[in-house]
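The residues making up each chain are set out below.
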Amino acid sequence: MSKAVAALTQAQAKSAASALYKGVCRYFFDSVRLLCVAAIVWGSAAHAQTITTLAGSGTQGASPVGTAALAAALDQPTAVATDGNGRLLIMDANNSRLLRVDASGAIRLVTPTGFAAQQIAVDGLGNIFFADPTNNRVVRVDGATGVATALTAETQGFSGDGGSVRAAQFNFPSGVALDRSGNLFVADTGNQRIRRVDAATGIVTTVAGTGTAGFAGDGGLASAARLNDPAHLAIDPQGRVLVADVRNKRVRRFTVGGNIETVA
């Protein structure tokens, strides 16, 4: 870790967290900390980018709930998001738990997970979604109760398109993202597909990828394109889906029912 990366006071951490919540923070992880790089703006003057520690003491471990976030020992944090109230969520992977930083700056347990999620998505009601690649399922955590349930079948495979997501099989799913209508997108990595769960009906469909690993299809329908281990997902302001096409070493973008292209 660079000497420039230092733990800050609780007040400084809250300032950086505020930047994250306002969308000007870009976060990343080392093995024991959650970090934020932000272009902080005061009034009309934009200052140089700064790096701050939001959570993690730099010591590997598993601090009890109630510990101040900056004093907490973490072990391989892998994903982060904010909940419906703007509070920070952290997947503390090797400790198999999903944490929340409360208003006081302390860590609280949302739910034990038993796995290491790579991406977290939160809907408008505060419900939390993530993929469980080891168990080949997608999980939903109720925002009010903290109860975690599997949205999908829990057996490895590919099935279920056109039917309820409850019966659908996935193969090492990794990334998740939600659009503004609450539709859930899942990177079904082992099946080389991006699949969509309709918010109103719960019906699952493939929206990108043929199921065959490779690179093909730019300029044509996303459903006819080849992907190679798609992973993290994002939805842009226009509702287009961005995919980290890992083994193709590309970022690709598509619209549901439309064409796909490489953007990076």
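For the structure, see preceding data.
The model shown is predicted, which means the values in this text are computed figures rather than measured ones.

Engineer: Mind laying out unusual backbone geometry, listing which residues take part and the relevant values?
Structural biologist: Positive phi outside glycine occurs at Asn136, with the angle close to 55 degrees. In this fold, Asn136 is placed in the loop between strand 11 (128–132) and strand 12 (137–141). Of note in the backbone geometry, Phe172 takes a positive phi value of approximately 55 degrees without being a glycine. Inspection of the secondary structure assignment puts Phe172 in the loop between strand 13 (148–150) and strand 14 (173–178).

Engineer: Can you break down the packing of aromatic side chains residue by residue, with the values?
Structural biologist: In total, this model carries zero aromatic pairs according to the counting rule given. Over the ring of Phe158 we find Arg193; its NZ or CZ atom is 3.9 Å from the centre of that ring. In this arrangement the basic side chain of Arg250 is found over the ring face of Phe215, its NZ or CZ atom lying 3.8 Å from the centre.

Engineer: Describe the sheet that holds strand 16 (residues 193–197), listing the residues and the values that go with them.
Structural biologist: Spatially, 14-15-16-17 is the arrangement adopted by the four strands of the open sheet, whose pairing is antiparallel. Only two strands of the sheet have a single neighbouring strand rather than two, namely strand 14 and strand 17 (204–208). In this sheet, adjacent strand axes meet at a mean angle of 30 degrees when their direction is disregarded. As paired strands, strand 15 (residues 184–188) and strand 16 are joined by five bridges and run antiparallel to one another. Within the sheet, the bridge partner assigned to Val186 lies in strand 16 and is Arg195.

Engineer: Give me the lowdown on the pairing of strand 7 (residues 88–92), citing residues and values where you can.
Structural biologist: For strand 7, the tally of buried residues reaches five of five residues, placing the bulk of the element in the interior. With five bridges connecting them, strand 6 (residues 77–82) and strand 7 associate as antiparallel partners. Bridging across to strand 7, Ala81 finds its partner in Leu89. Linking strand 6 to strand 7, which pair antiparallel, is a turn of five residues; within it Gly86 sits at a positive phi near 80 degrees. Direction of pairing for strand 7 relative to strand 8 (residues 97–101): antiparallel, over a ladder of four bridges. The residue bridging Ile90 from the neighbouring strand is Leu99, located in strand 8. The hairpin formed by strand 7 and strand 8 contains four residues between the paired strands, and Ser96 there has a positive phi angle of roughly 50 degrees.

Engineer: Mind laying out the sheet that holds strand 6, listing which residues take part and the relevant values?
Structural biologist: In spatial order, the strands read 6-7-8-9; together these four strands make up an open sheet with antiparallel pairing. Each having just a single partner strand, strand 6 and strand 9 (107–112) make up the two edges of the open sheet. Averaged over all adjacent pairs, the angle separating strand axes in this sheet is 25 degrees, with direction ignored.

What counts as what
Residues numbered from 1 in each chain as written. Predicted model: local features only at pLDDT ≥ 70, side-chain atom pairs only at ≥ 80, totals over all residues. Heavy atoms only, no water. Helix = DSSP H or I, 4+ residues; strand = E, 2+ residues; numbered from the N terminus. Phe/Tyr/Trp six-rings, centres within 6.5 Å; stacked < 30°, edge-to-face > 60°. Lys NZ or Arg CZ within 6 Å of the ring centre and 35° of its normal. Pairing = 2+ DSSP bridges. Axes fitted to C-alpha atoms, helices over the stretch in contact; angles between N-to-C directions. Buried < 20%, exposed > 50% of the residue type's maximum accessible area, 1.4 Å probe, protein only.

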